[in-house]
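The primary structure of each chain is shown beneath.
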Amino acid sequence: MHRTPLVPRRVGTAVPPVRAAFVVLLLAVVVVAGARLVLAAGGMQVMGMAEYSTLIPIVGAALLPLRLTLILGLTNLVVGIVAYGILLPSMSHASRITVITALAASILVSLAVCRTRIAMERRLKGLMVARDRLTLLSEASTRVGGTLDVARTAEELAEVAVRRFADHAAVDLFDPVLKGEEPAPGPHAGPVTLRRAARRSVPAALAAASPDGGTVTYCRGSMPALSLLRGVPVHGQFPDGADGEECWPADPDGTGTKAPHSALAVPLRARGVTLGAALFTRSRHRDPFDAADVLLAQEIAARAAVCVDNARRYTHERATSVALQRSLLPQVVPPQPAVQAVARYLPADVGVGVGGDWYDVIPLSGARVALVVGDVVGHGIRASAAMGRLRAAVRTLADIDLPPDELLTHLDDIVIRLQSETCPTPTGGAEDAAEADVGEFVATCLYMVYDPISRRCTAARAGHPPPAVVHPGACARFLDVPAGPPLGVGGLPFETAEMHLPEGSLLALYTDGLVEAPRYCLDERLERLLEALSEPKPTLQDTCDHVLDRLVVDRTRDDIALVIARTQALDDRHTVAWELLDDLAEVARARDLASLQLAHWGLPGAAFLAELVVSELVTNAIRYGGSPVQLRLIRHDTLICEVSDGAHTAPHLRRARTFDEGGRGLFIVAQLAERWGTRQQSDGKTIWAELALPPATVPTPAPALATL
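Parameters at a glance
- Within every chain, residues take consecutive numbers counted from 1 along the sequence as written.
- The predicted nature of this model means local features are confined to residues of pLDDT at least 70 and side-chain atom pairs, given and counted, to a pLDDT of 80 or more, with totals for whole chains, interfaces and linings taken over all residues.
- To get the side-chain values, take all heavy atoms of the structure and skip hydrogens and water.
- Two strands make a pair as long as DSSP finds a minimum of two bridges between them.
- Put simply, DSSP H or I for four residues or longer makes a helix, DSSP E for two residues or longer makes a strand, and each gets a number counted from the N terminus.
- For helices, the axis comes from a line fit to the C-alpha atoms of the stretch in contact; other axes are also lines fit to C-alpha atoms, and the angle between any two N-to-C directions lies between 0 and 180 degrees.
- Only buried residues count toward a nonpolar core, which is a set of Ala, Val, Leu, Ile, Met, Phe, Trp, Tyr and Cys residues joined through side-chain atoms within 4.5 Å.
- Note on exposure labels: buried denotes an accessible area under 20% of the residue type's maximum, exposed denotes more than 50%, and partly exposed covers the range between, all computed with a 1.4 Å probe on protein chains only.
- Any two residues whose heavy atoms approach within 4.5 Å at even a single point are treated as in contact.
- Only Phe, Tyr and Trp rings take part, Trp by its six-membered ring, and two of them pair if their centres are within 6.5 Å. Stacked means planes under 30 degrees apart, edge-to-face means over 60, and tilted covers everything else.
- The criterion for a charge sitting over a ring is simple: Lys NZ or Arg CZ within 6 Å of the ring centre, and within 35 degrees of the ring normal.

I'm lost on the sheet that holds strand β22 (residues 684-692) in this one. Help?
Sheet strands pair via backbone hydrogen bonds, and the direction of the pair is either parallel or antiparallel. What the 5 strands build is an open sheet, ordered β18-β19-β20-β22-β21; its pairing is antiparallel. Either end of the sheet is taken by a strand with one partner, and the two such strands are β18 (575-580) and β21 (675-681). Direction aside, the axes of adjacent strands within the sheet are offset by 15° on average. Across 8 bridges, strand β20 (residues 638-645) lies against β22 in antiparallel orientation.

Structure representation (structure tokens):
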């Protein structure tokens, strides 16, 4: 295949048609004026007319190039010799010599004037070019890299270049760069495939007709491929009639010019990594790229490459933060006997970074559920990591059934410990102090516990916005939960609020990103939230979407976490309780009560395991706990056996030795139950065990049997 050569273009060899016509017209005027002088010489002062003739080349020197000025001066001299030396015989010899000498001197003066003017024009043009280049560099420094988005940074580079530097600009990046990943190391010998990140052309209609995002392939030996291989700019010109397909890549959409008049390919390199290439072309009405243009393009590309690499690194960090945060947040909300819940999480836009908002729905003993939302101050990987540690701490504290106020107190101590771990040491330098971001471990949290049997809800909050509630048939309102200090302040107590929630009530927990927005009053945003929650929707998903549509106006500032839950109730068809005497003879009665109730519920297959668990728990409660002793069974998707006593001593699971007579009760319970545990109460403790139900079909639960 024939390769199109790149040839240099000579500048200034051809005279434009307008200038040539002007010169011809000017020469014609000179000839006519000379003839007029000859015809009028008889009645006019010849020397006066000759003085005006010397002005002709001087005037031409102010308008014409040096060559044309010389031609005009020689023509004026010839006309003067003919007019004053031949056509006017009456003119004295001394006068003729004076006139011709003056005309010859006017030629020398006009040439000097013309050279001085041309030198001044060149110097002025150089100053203007230097000013334009400095202006372009300044504009590139201020306009390119205004965001931390890779594609937008490439678009800014193309926009700046098209304004003053080129008629067409394209920025092609390697695919991993757009995803925030490290591109493949060089050398890139070609063919090389890149992604068209941005392109701009003059006129703007051409750029609008060709969308970005397509791929473009540089064949081996093409100018872009050579620039990527060598790591230096490559420029050249295409002769008239050449297509240049081997030296210049075609546009991915096929709308651009395949063979530019003058082309320049500059590699985008930053921190030793090649990110892509910037391509510039000029049409035939402009001068081709020269060495100064190459240096200018190289400087602009170097600055833009650093901005692109910064955006790539930020994209990588944000993707890591989002992946970390997504892995730490619950992917789905499991079904709960206490509530039906849905959640939404919206990360902030690219310019802010991922925050530390989180939510959780934690199943508790006794068919209860804990609803949690929190927010770690700050953005980035540090905030996501801190959020993960706090969420794990909340789950751990929730498993031991701490009241909301005590849980927040322990969580506050954890945050203070995290702060001390990240504080710079006294011997550390300024760099350690700068890297220690203590503020990211200040957090807010709202913790609520709902009991579907008593339909009581207890809540406490640490610097978090209050939850909203919608009772059936009523409007939304905020719950009066005392506002405690944010986590990390330390030394201040948290208070708990308790309220009764009818079945079907709607609870809304959210982070401040939902109600805080620039140019809006917080009270107005909170009122809008209540209005959105008061409008009934068919499903909880529809309610979540409706709230977000009404309130989300700007996602560039903060993350948004939203949890909406509808309360459920477990009535007498799902739960039953018996009071037992402080006598070991009650163990047999407890087994019989549990067996009869399970048979009444249509669960005879679960009676054997339930009898064993109830027997061990009641025995331990009577022997080691003391009155009052209560047995409660809760049936939903699982069977929960609870035994309460009046002692506050928590039981401990241990392995009994071969010849020990006791110590095997909790071990048997742990082996038979899916989960078991204990929770403290004001009047004692409760030991519970959760048993799996057989997979057989179960009829609708009937009311509990009367106490035997």
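Before we go on, may I ask you to explain the nonpolar core in this structure?
Most often, soluble globular proteins keep nonpolar side chains buried together rather than apart. Counting 55 residues, the largest nonpolar core has Trp358, Leu371, Leu408, Tyr447 and Met448 as the members making the most contacts within it. If we skip the residues at most four places from it in the chain, Met448 touches Val369, Ala370, Leu371, Cys457, Thr458, Ala459, Pro467, Leu479, Leu507 and Leu509. Core analysis: the second largest hydrophobic core is formed by 48 residues, Ala140, Ala158, Ala169 and Leu268 among them.

Help me understand the sheet that holds strand β2 (residues 192-201) in this model?
Within the open sheet, the 6 strands sit side by side as β3-β2-β1-β6-β5-β4. Their pairing is antiparallel. Whereas interior strands pair on both sides, the edge strands pair on one side only; in this sheet they are β3 (215-218) and β4 (234-237). If you compare each strand with its neighbour and ignore which way they point, the axes differ by 30° on average. With 9 bridges connecting them, strand β5 (residues 262-270) and strand β6 (residues 273-282) associate as antiparallel partners.

How should the packing of aromatic side chains be read in this particular structure?
The description of an aromatic ring pair rests on the distance of the ring centres and on the angle between the ring planes. Evaluation of the coordinates by the stated rule reveals 2 aromatic pairs. Seen in terms of ring centroids, Phe165 and Phe280 are 5.4 Å apart; in terms of plane orientation they differ by 85°. Their pairing is edge-to-face. Separated by 115 residues along the polypeptide, Phe165 in the loop between α6 (150-164) and β1 (168-173) and Phe280 in strand β6 bring together distant segments of the chain. Given the relative accessible area of 3%, Phe165 is considered buried. Using a relative accessible area of 4% as the deciding quantity, one classes Phe280 as buried. When the centroid spacing of 5.3 Å and the interplanar angle of 35° are considered together, the rings of Phe165 and Phe289 count as tilted. One end of the pair, Phe165, is in the loop between α6 and β1; the other, Phe289, is in the loop between β6 and α10 (291-328), and 124 residues separate them in sequence. Exposure class is identical for Phe165 and Phe289. Each is buried. Ring pairing ties together the aromatic residues Phe165, Phe280 and Phe289, which thus form one cluster. Lying across the ring of Tyr520, Arg525 places its NZ or CZ 5.7 Å from the centre.

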